[in-house]
Each structure stands twice: as C-alpha cells, then as structure tokens.
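One-letter residues, chain by chain:
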Amino acid sequence: QVQLVESGGGLVHAGGSLRLSCAASGRPFNIYAMGWYRRAPGKQREFVARITSGGSTKYADSVKGRFTISIDNAKNTEYLQMNSLRPEDTAVYYCNIELPSESDYWGQGTQVTVSS
C-alpha cells in the first residue's frame, strides 16, 4: 500500500497565499505523476494541477498563473503553492499519485478556506 498525507491547509484572507504538501510513503514505488484535485461545497471534485516525475505540469484554467505545482522526487513529496487566493478557491484539496500499472492513490484531504 501507498499512503498520502497532506498538510498546509488553513484559513486565509482573499489575496493571501498557502502552500500545500503531500508526502507519499509505504512500500517501494516509482512515481509516474502526482496531482491535486479539490471539492468545493455542493460541487463535484475537479482537477487543479498535475506534475510528472519528469517535471511536466498541467493546470486547470481557473488556477493558471496563481498556483504552482512542484515535486521533490527524492522525498516522494509534491507541493502546491497557491497565491492570490480567492473565495472561490475554498474547498477540500486532495492529492493523488499515479503509479505505473496501478490504480491511483488518494490522500485524506486538507481544508482550504479563503475569506472575502
């Protein structure tokens, strides 16, 4: 099994910043990619950002230019730097990990609340 532990969520005013972390641990594995998703109250889970182990990134249009995803392969950890936060960014943020020939693993989620 692979475990994912997120941290870094919290309450911030609009325009502020937060940095989320997601550390993967467990049996030996090779990361193909890691990503972030979020679920706002009353809405379905949506894609936020993704990064491959080689550093290729993809972002949702709603966060482009404000959020930056990064990965530390040596630590099996990904990060999401969130700047210029908006109230509509309020959600539970989930990290996931893509491993070759396996189903994705998911973290337990971390709450991000942006006040206006």
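This structure is a prediction, so every number in the text was calculated from the model and none was measured.

What follows is about the overall build of the protein. Scanning the protein from terminus to terminus reveals zero helices and eleven strands. The linear arrangement of helices and strands in the protein, starting from the amino end, is β-β-β-β-β-β-β-β-β-β-β. Expected size for 116 residues packed as a compact globule is a radius of gyration near 13 Å; at 14 Å, the protein falls within 12% of this value. Reported as C-alpha extents along the three principal axes, the dimensions of the protein are approximately 45 × 25 × 20 Å. Buried positions account for 44% of the 116 residues belonging to the protein. A total accessible area of about 6100 Å² is found for the protein, and carbon and sulfur atoms account for 47% of it.

Further remarks concern the sheet that holds strand 7 (residues 67-72). The sheet built from four strands is open, its strands ordered 1-3-8-7 with antiparallel pairing. Strands at the two margins of the open sheet, each flanked by one partner only, are strand 1 (2-7) and strand 7. Between one strand axis and the next, the sheet turns through 15° on average, direction left out of account. The pairing of strand 7 with strand 8 (residues 77-82) spans six bridges and is classified as antiparallel. Paired with Ile 69 across the strands is Leu 80, a residue of strand 8.

This part takes up the environment of Gln 108. With respect to the helices and strands, Gln 108 occurs in the loop between strand 10 (105-106) and strand 11 (110-115). Between the C-alpha atoms of Gln 108 and Gly 55, which are 53 residues apart in sequence, the distance is 24 Å. Filtering out sequence-adjacent residues up to four positions away, Gln 108 remains in contact with Leu 4, Val 5, Glu 6 and Tyr 94.

Here is what the cut-offs are and how they apply
Residues numbered from 1 in each chain as written. Predicted model: local features only at pLDDT ≥ 70, side-chain atom pairs only at ≥ 80, totals over all residues. Heavy atoms only, no water. Helix = DSSP H or I, 4+ residues; strand = E, 2+ residues; numbered from the N terminus. Rg over C-alpha atoms; globule rule 2.2 N^0.38 Å. Buried < 20%, exposed > 50% of the residue type's maximum accessible area, 1.4 Å probe, protein only. Areas by Shrake-Rupley, 256 points an atom, 1.4 Å probe, with all protein chains shown as cover. Pairing = 2+ DSSP bridges. Axes fitted to C-alpha atoms, helices over the stretch in contact; angles between N-to-C directions. Contact = heavy atoms within 4.5 Å.

Fair warning: the whole summary comes from geometry, so function is off the table for now.
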